[in-house]
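Coordinate analysis (summary)
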Amino acid sequence: MAIATERFTALDIFRGMTICFMIIVNAPGSGATVWAPLDHAAWFGFTPTDLVFPSFLFAVGNALSFSKKKFETDAAFITKILKRTAIIFLLGYLMYWFPFFHRTADGWAFNPLSHTRIMGVLQRIALCYFFGALIVHYCSQKTAVLISVVLLLGYWLFLVMFGELGKEFTMLGNAGTKLDIAIMGNDHLYHDKGGPIAFDPEGLLSTLTGIVNVIGGFLAGAFIQRKGKTYETVAKLFIFGGLLIVSALFFGQFFPIAKKLWTSTFSLLTIGIDLAILGLLIFIIEIEKVKNGTNFFLILGRNSLAIYLLSELLLTVLQTIWVAPQLSFYDWINQVFYQRIFPGPLGTLVFAICYMMLCWAVAYVLDKKKIYIKI
């Protein structure tokens, strides 16, 4: 029983940290240039914000490795993961459709399904969870590693072979965008700031490399179970992480690191960093027994997907409610309070932290009442 408790403590802290920063980077305020670390890399490159989403996929894989639930039949296993995949995907779809209406010059109009984004963050989590679960359930660890290599190299090869010549790694010239438009259509893709350019950073093709992040998390969890939470385990997590980071930086000369394309080098880099973070958490929490401050992240981690969903829906509500013509409550509170007291990028950071704390307060109430929403 003690082992299970330690395991869930470490996992929930990692997951809670991820949700904490997911909320912060998704609500950076307005009225000034976003504080640079809260913004994604424009295209090629890497910022702290770019680590957040792949870390959640890594945590999903980590959780798969520690699952002790046994299924009597393959049908029971398939039913379980299909149900969870469908629920998470549907919630993601509804989240982008929400609030189902939009303002017009004459009032309100219904958001048509014909222009609703199909893919997104929760949708990618659902698909990566589904395929990742299948792979780690039916394949050996060596086979899972081989599949990961095939996915990483295959994605790279697909972009080179089927992308627009000379523009294989550009927003509109890459093969992933062409595939998304061909399968889902222009109107079902992400349009930044409602503009005419359709490009989905959570598109179909780049989901392949996202699956590798789930497999990476699974292999890390399996390694920890096999070797135990020891100094050797921590050292090897740092070594493996370092090797992946160096590999990503080397191959990044040929296949650039880009979160929005979720390139193979991006996947390697983020898994490497997550291995190092996980090793550090094991050292601090499990070996050195440092517990101060960990409950903050535990509270978020215990209702991770539910709190993330709440943060996105509440953000949409704040941006939909107007306090004056063409002025949403979201923009108003930033103008009259955060940008006046903390002008510039600092104000966007302070708002993001305050918004995260609001969501944390909800998570705290749920945790206090022992309400854990499993999606």
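Looking at an unreviewed UniProt entry, one finds the protein named DUF5009 domain-containing protein and attributed to Mucilaginibacter celer.

Enumeration over the complete set of coordinates arrives at seven salt bridges. The closest approach of N and O atoms between Asp-200 and Arg-117, which form a salt bridge, is 2.6 Å. Placement of Asp-200 in the loop between helix H6 (175-184) and helix H7 (207-227) and of Arg-117 in the loop between strand E2 (107-110) and helix H4 (121-138) is noted, with a sequence separation of 83 residues between them. Looking at Arg-117, the relative accessible area reads 9%, which means it is buried. Here Lys-167 makes a salt bridge to Glu-164, at a shortest N to O gap of 3.7 Å. Judged by relative accessible area, which is 34%, Glu-164 ranks as partly exposed. Linked through salt bridges whose partners overlap, the residues forming this network are Arg-117, Asp-200, Glu-202 and Lys-259.

This paragraph deals with H7. The end-to-end C-alpha distance of H7, which contains 21 residues, comes to 31 Å, matching closely the 30 Å that a straight helix rising 1.5 Å per residue would cover. Taking burial as the measure, the 21 residues of H7 include 16 buried ones, the bulk of the element. Looking one or two places after H7, you find Gly-228, whose phi comes out positive at around 85°.

A few words now on the nonpolar core. Leu-122, Ile-125, Ile-307 and Tyr-355 are the most contacted members of the largest nonpolar core, which totals 82 residues. Broken down by element, the residue count for this core peaks at 11 residues, all from helix H9 (residues 264-287). Per-domain counts for this core show at least three residues from each of domain 1 (1-39 + 293-374) and domain 2 (53-289). Those residues within four positions of Ile-307 in sequence are excluded, and the remaining contacts are Ile-19, Ile-23, Leu-300, Cys-359, Val-362, Ala-363 and Leu-366. Counting residues in hydrophobic clusters, the runner-up holds 10 residues, among them Trp-43, Phe-169, Leu-205 and Ala-258.

When its domains are assigned, the protein resolves into domain 1 (1-39 + 293-374) and domain 2 (53-289). The C-alpha-based centres of domain 1 and domain 2 are spaced at 22 Å. The interface of domain 1 with domain 2 comprises 24 residues on the first partner and 25 residues on the second. Each partner contributes to the roughly 2,200 Å² buried at the junction of domain 1 and domain 2, and carbon and sulfur atoms together form 79% of this total. Summed over the shared surface of domain 1 and domain 2, the result is zero salt bridges. At the boundary of domain 1 with domain 2, the tally comes to zero residue pairs in polar contact (both at pLDDT 80 or more). Elements with a contribution of two residues or more to the side of domain 1 that touches domain 2: helix H1 (2-26) and helix H11 (304-320). Here the element with the most residues in the side of domain 1 that touches domain 2 is H1; it accounts for 13 residues. Its residues placed into classes, the side of domain 1 that touches domain 2 shows 14 nonpolar, six polar and four charged.

It is worth spelling out the confidence of the model for the protein at this point. As a note on interpretation, predicted positions should not be read in detail where pLDDT is low. Per-residue confidence for the protein gives a mean pLDDT of 88; residues scoring 70 or more make up 95%. Across residues 1-6, where pLDDT falls below 50, the model places four contacts with residues more than four positions away in sequence or in other chains.

Let us look at the packing of aromatic side chains. Ring pairs (aromatic) are described by centroid distance and by the angle formed between their planes. In this structure the tally under the stated criterion is 25 aromatic pairs. Taking the centre distance of 6.3 Å and the plane angle of 45° together, the rings of Tyr-155 and Phe-255 count as tilted. Here Phe-255 lies in the loop between helix H8 (231-251) and H9 and Tyr-155 lies in helix H5 (residues 141-162), a separation of 100 residues in the sequence. Taking relative accessible area as the criterion, Tyr-155 reaches 2% and is therefore assigned buried. Owing to a relative accessible area of 0%, Phe-255 belongs among the buried residues under this scheme. Judged by centre distance (5.2 Å) and plane angle (85°), the rings of Tyr-338 and Phe-351 are edge-to-face. One end of the pair, Tyr-338, is in helix H12 (residues 329-341); the other, Phe-351, is in helix H13 (residues 345-368), and 13 residues separate them in sequence. The exposure class of Tyr-338 is buried, given its relative accessible area of 10%. Classification of Phe-351 as buried rests on a relative accessible area of 6%. A connected cluster of aromatic rings, assembled from ring pairs, spans Tyr-330, Phe-337, Tyr-338, Phe-351 and Tyr-355.

About the criteria used
Residues numbered from 1 in each chain as written. Predicted model: local features only at pLDDT ≥ 70, side-chain atom pairs only at ≥ 80, totals over all residues. Heavy atoms only, no water. Salt bridge = Lys/Arg side-chain N within 4 Å of Asp/Glu carboxyl O. Helix = DSSP H or I, 4+ residues; strand = E, 2+ residues; numbered from the N terminus. Buried < 20%, exposed > 50% of the residue type's maximum accessible area, 1.4 Å probe, protein only. Expected span 1.5 Å × (residues − 1). Core = buried A, V, L, I, M, F, W, Y, C linked by side-chain atoms within 4.5 Å. Domains from an automatic or database assignment. Contact = heavy atoms within 4.5 Å. Buried area = accessible area lost by both parts, 1.4 Å probe. Polar contact = N/O pair within 3.5 Å; in protein donor to acceptor, adjacent residues only side chain to side chain. Nonpolar A, V, L, I, M, F, W, Y, C, P; charged D, E, K, R; others polar. pLDDT = per-residue confidence, 0-100. Phe/Tyr/Trp six-rings, centres within 6.5 Å; stacked < 30°, edge-to-face > 60°.

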